Amino acid sequence: MVQKFSCSRRLFIKSGAAATGALAMPNILRAQTITELTMLAWYGQAEPDAVAEFEELNRVKITPKYYVGGEQMLALLSQSPRGTYDLVHADAEYVHQLVAADFVEQLNPSDYPLDDFFHEFHKFPGHWVDDKLYAMISRFGFLGISHNLDAVSRKEASSYKLLWDTKLKDKIGHFDWHLPNLGVLSQYNGNEAPFNLSEAGWSKLKETTLELKPQVRGFYDYGGVLSSLKSGEVSVMPGIGEWITGVLRRDGANVTTTIPEEGGLQFTESFSIGKGSRKAELARKFIQYMAGPEGQFRLANLNVFPAVIPSKRGWKRMIEERPEDARHLGMFEGSGNAMDLIRAGRIKIRKLPVQQDLADWNDFWSEYKST
Amino acid sequence: MQKPALSARRLLYSSFWVSPLPFWLTLFFLGPLLLLVWLSFWDVRNFVLQPDFQLDNWVKILSANYFWQAYGRTFLGASCVAAIASLLALPCSLAIGFILSTRAKLTVLGLFVVPFFTSYLVRVYSWQIYLTDNGVISNLLAAIGLETGSLLSSKFAMQVGYVTLTLPLVVVIQSISMLSFDRTLINAAYNLGCGPVRVFFSVLLPGTRAGLILGALFAFIFSFGDFVSPTYMGGGKFPTLAILITDTVKSGQQWPRAAVIAIVMIGTLLIVALTSLKLAYRRK
């Protein structure tokens, strides 16, 4: 005999409510115990490959607000109430402005494993103001000439003169941001402080840059830089680095970054605690984690792009576990590694223009693109 | 006594349907436009917008060479697209209007709507496969002895992107005009001894003028404000006003200066649109 199954409306609602409650219970319980930590950051810093372990260990959920460019970061901070962001991830050139605007808390250096870091980063100038620490370096990278090895050898890329080589006509690309491009061309002009230019130095830099325009194929955003270098549309890009070529190599492209004899630039990422954060203790714990061996290893290999790390222990692990990536990034033992380049004075820190207004550099860049 | 009551009801009925129009126009056009104008007088201090009333942004933008270069490039580019897309669309719309069977017309018109199912950005990215070094087109041309190299990051590629955006729309607009054209006028012209060329230029083109001008106008409007093609097909090498807006905002958070550029763009489009409408619907 077949028993007919019947379900009244009341039974259906009751069962439905019970089932929903049962399904939601783990989430409700988790939500009760999980703390939220907010982060204002460049893309990629709060993705699972970076923070999953910290979240798991500390029962935290890191909620990011990603920005594009330091100026947008400053604008977002000034438009948000104090305490909106527990963590602020920034490039070094903006940290002094963060401090001046009172957007970040002072850090206690003894809270962090600075002794694990190369001594150049114990008192990194961009992160200290009046002998007080406000940002903890997380990782850094160099900007020089990124090139397709099928078209340009490392030896050829050893000088920015390469950019004017006739065989590269229409094969030079630009990442569409004036600061790194003008910075490396300023180094080509022989400026010891590439961003601190007199009027004469600035005029000369503009002249040099305009002379490059006939060689230029295009100006690209992040996606465009990746696709144009990979497809061979562009063979050489000045002012970018392993943050692009490292990503492309993972995808099988034969590209690398060379720091020319005239020198290269350094970008530096860091974490700070947002002013008025009500979870400052947890934010401090996060920065400690990222400065530790596991955090540093993760930061060197972020999916968004790889970078050099300041931790000696992190280097050791990279050399052991990811020797090829470590070599391209300049993290190897022996002469010519990333620290040697810094110590030899070939690397200058990327900064905002000192003597000119930022708008002047921006206007010139628009003019250059239009020429 | 019934008549006034009926008129009042009709008036109420009409008002009901008309009333959202001023509401929407105020909310989505007039309001944002006034906000944009107001914003163009603001100041930016330490990357933060400050309400103000100063003319610096207008002076700065209108006196910048690169702005006028971008303006000229954008206007010329959009005009070329309007002409190219209209010419390319004309044979298609003539076929849809006068040659194809009803079933075929509907199928072809449907096919011209299909491109809108896919994001324009995706369509432009797929063009890159064809136009790049060792792409399909350069390989085909190389096979017949024409070495072109990469066609990307060029004005040609930019036009290809613009036409990709606008052609389906222009075909549809022109086709509607052709389909509503009174065929007896063509027959009458033939009966009166006109040849095909004269029928085309003296009867068909004037008779479908509104559709042709509106098609060109839409192509102009869409390409005038387009950011995707100049960026991804032109490689950012030929900055247009849309690129200039993003550059202005990106560096220094200069929203007020970007507002000035946007207002100039809106003003230009209004003048072009009104002139085109006048041309399209003027009586001889």
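Residue numbers restart at each chain and count upward from 1, following the sequence in its written direction. The lettering of chains begins at A and the numbering of ligands begins at 1, in the order of writing. Only residues with pLDDT of at least 70 get local features here, since the model is predicted, and only at 80 or more are side-chain atom pairs given and counted; chain-wide, interface and lining totals rely on the full set of residues. With hydrogens and water excluded, all non-hydrogen atoms of the structure serve as input to the side-chain values.

Q: Can you help me understand the overall build of chain A in this one?
A: Strands are runs of DSSP state E lasting at least 2 residues, helices are runs of H or I lasting at least 4, and numbering of each runs from the N terminus. Secondary structure assignment for chain A yields 14 helices and 12 strands. The C-alpha extent of chain A, read off along each of the three principal axes, is 90 × 55 × 45 Å. Burial classes follow relative accessibility: with a 1.4 Å probe on protein chains only, a residue under 20% of its type's maximum area counts as buried, one over 50% as exposed, and anything between as partly exposed. By the burial criterion, 55% of the 371 residues in chain A qualify as buried. Whether two residues are in contact is decided by their heavy atoms: any pair within 4.5 Å suffices. In chain A, the proportion of contacts linking residues at least 24 apart, taken out of those at least 6 apart, comes to 74%.

Q: In this structure, what is going on with the domain arrangement of chain A? I would like to understand it.
A: A common way to express how large an interface is: the accessible area buried when the components associate. Residue and element names in this part refer to chain A. What the domain assignment lists for chain A is domain 1 (32-138 + 268-312) and domain 2 (141-265 + 348-370). Note that the domain bounds were set by an automatic or database domain assignment. On a C-alpha basis, the centres of domain 1 and domain 2 stand 28 Å from each other. Contacts between the two partners involve 14 residues from domain 1, matched on the other side by 14 residues from domain 2. Note: buried area is the sum, over both parts, of the accessible area (probe 1.4 Å) each one loses when the two are combined. When domain 1 packs against domain 2, the two sides together hide about 1,100 Å² of surface, and 58% of this comes from carbon and sulfur. Contact with domain 2 buries surface across domain 1, with E93, F305 and P306 losing the most and accounting together for 43% of the total. The salt bridge criterion pairs a side-chain nitrogen of Lys or Arg with a carboxyl oxygen of Asp or Glu, the two atoms within 4 Å. Where domain 1 touches domain 2, the interface holds two salt bridges. D91 is the partner of R350 in a salt bridge, and the nearest nitrogen-oxygen pair spans 3.2 Å. What qualifies as a polar contact is a pair of N or O atoms within 3.5 Å, subject to a donor-acceptor requirement within protein and to the restriction that residues adjacent in sequence count only when both atoms come from side chains. If you look at where domain 1 meets domain 2, you find six residue pairs in polar contact (both at pLDDT 80 or more).

Q: Help me understand the interface of chain A and chain B, please; the structure alone is not making it clear to me.
A: Contacts between the two partners involve 29 residues from chain A and, on the opposite side, 26 residues from chain B. Taking both sides of the interface into account, the surface hidden between chain A and chain B amounts to around 2,300 Å²; carbon and sulfur atoms contribute 42%. By the criterion of area lost to chain B, the three top residues of chain A are A:E71, A:R217 and A:S370, representing 23% of everything that side buries. Counting across the interface, chain A meets chain B through four salt bridges. B:K60 serves as the salt-bridge partner of A:D363, at 2.6 Å between the closest nitrogen and oxygen. The interface formed by chain A and chain B contains 14 residue pairs in polar contact (both at pLDDT 80 or more). Elements that contribute at least two residues to the side of chain A that touches chain B include exactly α3 (70-78), β8 (216-220), α7 (222-231) and α14 (358-370) of chain A. For the side of chain A that touches chain B, the element with the highest residue contribution is α14(A), accounting for eight residues.

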